[in-house]
Amino acid sequence: MERTDVLVVGGGATGVGVARDLAMRGVDVTLVERGGLNAGTSGHSHGVLHSGARYADDDPEGARECIEENRILRDIAGECVADTGGYFVQTSDDSAYFETKRDACRDLDIPVDVIDGDTARETEPRLADDVERVFRVPDGVVYPSRLVAANAADAREHGATIHVDAPVTDVLVSNGAVVGASVDHPVGSIEADHVVNATGAWAGELAAMVDVDIEMTPTKGAMAVVDLPSLRTVLNRCRPASDGDIVVPHPDAGTAILGTTSVEVDDPDDFPTSEAEVEDVFVECAAMLDTLPREALERVYWGVRPLYTPERYGEDARGISRGFYLLDHADRDGLGGFSTIVGGKLTTYRRMAEATADHVCERLGVDAACRTAEEPLVHHDDLDTLDGLVREFDAGGPADADVVGSE
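Reading the values: rules and limits
- Residues numbered from 1 in each chain as written.
- Predicted model: local features only at pLDDT ≥ 70, side-chain atom pairs only at ≥ 80, totals over all residues.
- Heavy atoms only, no water.
- UniProt positions renumbered as here; feature names shortened; annotations may be inferred.
- Pairing = 2+ DSSP bridges.
- Helix = DSSP H or I, 4+ residues; strand = E, 2+ residues; numbered from the N terminus.
- Phe/Tyr/Trp six-rings, centres within 6.5 Å; stacked < 30°, edge-to-face > 60°.
- Buried < 20%, exposed > 50% of the residue type's maximum accessible area, 1.4 Å probe, protein only.
- Lys NZ or Arg CZ within 6 Å of the ring centre and 35° of its normal.
- Salt bridge = Lys/Arg side-chain N within 4 Å of Asp/Glu carboxyl O.
- Polar contact = N/O pair within 3.5 Å; in protein donor to acceptor, adjacent residues only side chain to side chain.
- Contact = heavy atoms within 4.5 Å.
- 1 Å grid on protein atoms, 1.4 Å probe; cavity = no way out; pocket = protein on both sides within 12 Å on 5 of 7 lines; lining within 4 Å.
- Points joined across faces, edges and corners; volume = space filled by probe spheres on them.

The name an unreviewed UniProt entry assigns to the protein chain is Glycerol-3-phosphate dehydrogenase, from the organism Halospeciosus flavus. The record held by UniProt for the protein chain lists under Catalytic activity (unreviewed entry) the comment "a quinone + sn-glycerol 3-phosphate = dihydroxyacetone phosphate + a quinol".

Below is the structure:
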């Protein structure tokens, strides 16, 4: 049996971010993940470092969070991100929405530069002939495997313990509070003063072990990896959110990720996949490009979003907020020592971790400030070491397997 101040369950970007933040504040932290790190939503994302433009017109608060975290990650994450820039692309059928999106970005101080289609094609010759204009924004690319591994290593250097291949089999409760968990791992059980549920789309399953209901609506998204060697810029279709409206380049690998769909699933571990979804993504994304032959398709993967739905959201799952929620189960459910962090975006993982660490420190009476926005991730500029950490933590995933070379 181990003893720790805080047990973090979940080894995606948010979980390792929480472990890093708390460890940097001097809190004794243990993190457990049922498999290798990065095996869930983070590693199966499309990996966009959002500028906030995608959310500017319908979620201004979320957009502000994105542009702020975008700038922070460029400072601290080194080779875990790539500065590709982004285009919001107006094709002939998308003209009515362009000004709305552009003006919303400017209202939020998201840098926007409008250029005509011919000028855009000088730098991105793969853009389709009917692209009339674009606006440039500071989007980028995240390599989740490196980002997760670097956060885990940083947490460990500050004293955290990381256990992979350690699924939770039981959550321990005593006197109306969570006091730890049993894990299928040689350590057996881990006692803690506070347990953080950072399991993403699986948050409801962990909470159910202590009869707590978390209203999750996981949605699957199809991603298609294609051979696209000349693309250098993230492309966003400038229209209301829909299937197949983003292309994410991996310039060093000569590939790109086409995404995505949004379909509700009952079980984030076991859901049907559809060739029709892949075809829809392929056709819609191809509208932004001059040519994209079907033979360019290399592989397909699906990710599951950890969407929290305490309220009704209508018929379309795209109407569910992409914001994040911190649930204090002492106040919400009368169960002390237990908190859940759900929702959010890969771009805002650090902010989610900071909010969680602030809450946990308040509960534990720890007076220490967050430093994760100022201090670079360990080994952030050393590619060989970063990719070695990916292998050590078994943190490879399909979102960047062509770049990191570990899946």
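Picking up after the structure, the text goes on.
Visitor: Would you mind showing me how to read the sheet that holds strand S4 (residues 81-82) here?
Guide: A sheet is described by the order of its strands in space; here three strands give the open sequence S3-S8-S4, paired in antiparallel fashion. The open sheet has two edge strands with one neighbour each: strand S3 (48-49) and S4. In the sheet, S4 pairs with strand S8 (residues 140-142) via two bridges, with the strands oriented antiparallel. Residue pairing in the sheet places Ala-82 in a bridge with Val-141 of S8.

Visitor: Can you help me understand the packing of aromatic side chains in this one?
Guide: Each pair of aromatic rings is reported with the distance of its centres and the angle of its planes. Inspection of the entire model under this criterion finds three aromatic pairs. Here Phe-98 and Phe-135 contribute two aromatic rings whose centre-to-centre distance is 5.2 Å and whose plane-to-plane angle is 65 degrees, an arrangement assigned as edge-to-face. Taken together, the residues span a long stretch of sequence, with Phe-98 in helix H3 (residues 95-107) and Phe-135 in strand S7 (residues 133-137) at a distance of 37 residues. Classification of Phe-98 by relative accessible area gives buried; the value is 0%. Since its relative accessible area comes to 0%, Phe-135 is described here as buried. Here the aromatic residues Phe-88, Phe-98 and Phe-135 are joined through ring pairs into a cluster of three or more. Stacked on the ring of Phe-282, the Lys or Arg Arg-294 has its end atom at 5.0 Å from the ring centre.

Visitor: Please clarify how the pattern of salt bridges should be interpreted in this entry.
Guide: Two side chains with opposite charge may pair up if their charged atoms get near one another. Under the counting rule described, the total for this entry stands at 32 salt bridges. Glu-68 is paired through a salt bridge with Arg-351; the nearest N and O atoms lie 2.9 Å apart. Separated by 283 residues along the polypeptide, Glu-68 in helix H2 (residues 60-76) and Arg-351 in helix H9 (residues 349-364) bring together distant segments of the chain. For Arg-351, a relative accessible area of 23% puts it in the partly exposed group. We note a salt bridge from Arg-156 to Glu-392, for which the minimum N-O separation is 2.6 Å. Placement of the pair is Arg-156 in helix H5 (residues 144-157) and Glu-392 in helix H10 (residues 383-392), with a sequence separation of 236 residues. Judged by relative accessible area, Glu-392 falls into the partly exposed class, the value being 45%. A cluster of three or more residues bridged by salt bridges with shared partners is formed by Glu-68, Glu-69, Arg-350, Arg-351 and Glu-354.

Visitor: I'm lost on the side chain of Thr-372 in this one. Help?
Guide: Considering the arrangement of structural elements, one finds Thr-372 in the loop between H9 and H10. Looking at Thr-372, the relative accessible area reads 2%, which means it is buried. At 2.9 Å, the side chain of Thr-372 forms a polar contact with the side chain of Arg-350. Setting aside chain neighbours within four positions, we find Thr-372 in contact with Arg-20, Asp-21, Met-24, Ile-76 and Arg-350.

Visitor: Is there a simple way to think about the environment of His-50 in this case?
Guide: Tracing the chain through its elements places His-50 in the loop between S3 and H2. For His-50, a relative accessible area of 5% translates into the label buried. Spatially, the C-alpha atom of His-50 lies 9.9 Å from that of Glu-68, the residues being 18 residues apart in sequence. If near-sequence neighbours (up to four positions away) are discounted, His-50 is found in contact with Tyr-55, Cys-66, Asn-70, Asp-139 and Thr-347.

Visitor: Where do I start with unusual backbone geometry in this structure?
Guide: Note on backbone geometry: most residues besides glycine have negative phi, and most peptide bonds are trans. With an omega of -10 degrees, the peptide bond between Gly-259 and Thr-260 qualifies as cis. Tracing the backbone shows Thr-260 in the loop between strand S16 (255-259) and strand S17 (263-264). Even without being glycine, Asp-109 reaches a positive phi, approximately 60 degrees. If you trace the backbone, Asp-109 turns up in the loop between H3 and strand S6 (113-116). One non-glycine residue, Asp-394, lies in the positive phi region at around 50 degrees. Within the secondary structure layout, Asp-394 lies in the loop between H10 and helix H11 (401-404).

Visitor: Looking at this model, I keep getting lost on the pairing of strand S15 (residues 246-250). Mind explaining?
Guide: For a regular strand, side-chain orientation follows a simple rule: the groups alternate between the two sheet faces. Across the five residues of S15, five count as buried, placing the element largely inside the fold. Because side chains alternate across S15, one face comprises the buried residues Ile-246, Val-248 and His-250, and the other comprises Val-247 and Pro-249, equally buried. Summarising the sheet, strand S14 (residues 234-237) and S15 pair through two bridges and their orientation is antiparallel. For Asn-236, the partnering residue across the bridge sits in S15 and is Ile-246. Here S15 pairs with S16 via five bridges, running antiparallel.

Visitor: Can you help me understand the side chain of His-194 in this one?
Guide: Tracing the chain through its elements places His-194 in strand S12 (residues 189-197). Those residues in contact with His-194 that sit more than four places away from it in its chain are Asp-5, Val-6, Leu-7, Gly-337, Phe-338, Ser-339, His-359, Val-360, Arg-363 and Leu-364.

Visitor: Whenever I open this one, empty space enclosed by the protein confuses me. Can you help?
Guide: Summary: where empty space remains is shown by rolling a probe the size of a single water molecule over the atoms. Enumeration according to the criterion identifies one cavity of 30 Å³ or more in this entry. As a volume, the largest cavity reaches approximately 30 Å³. Residue lining of the largest cavity: Gly-17, Arg-20, Asp-21, Asn-151, Tyr-349, Arg-350, Ala-353, Glu-354 and Thr-372, and that is the complete set. Contributing elements (two or more residues each) for the lining of the largest cavity: helix H1 (13-24) and H9. Sorting elements by how many residues they give to the lining of the largest cavity places H9 first, with four residues.

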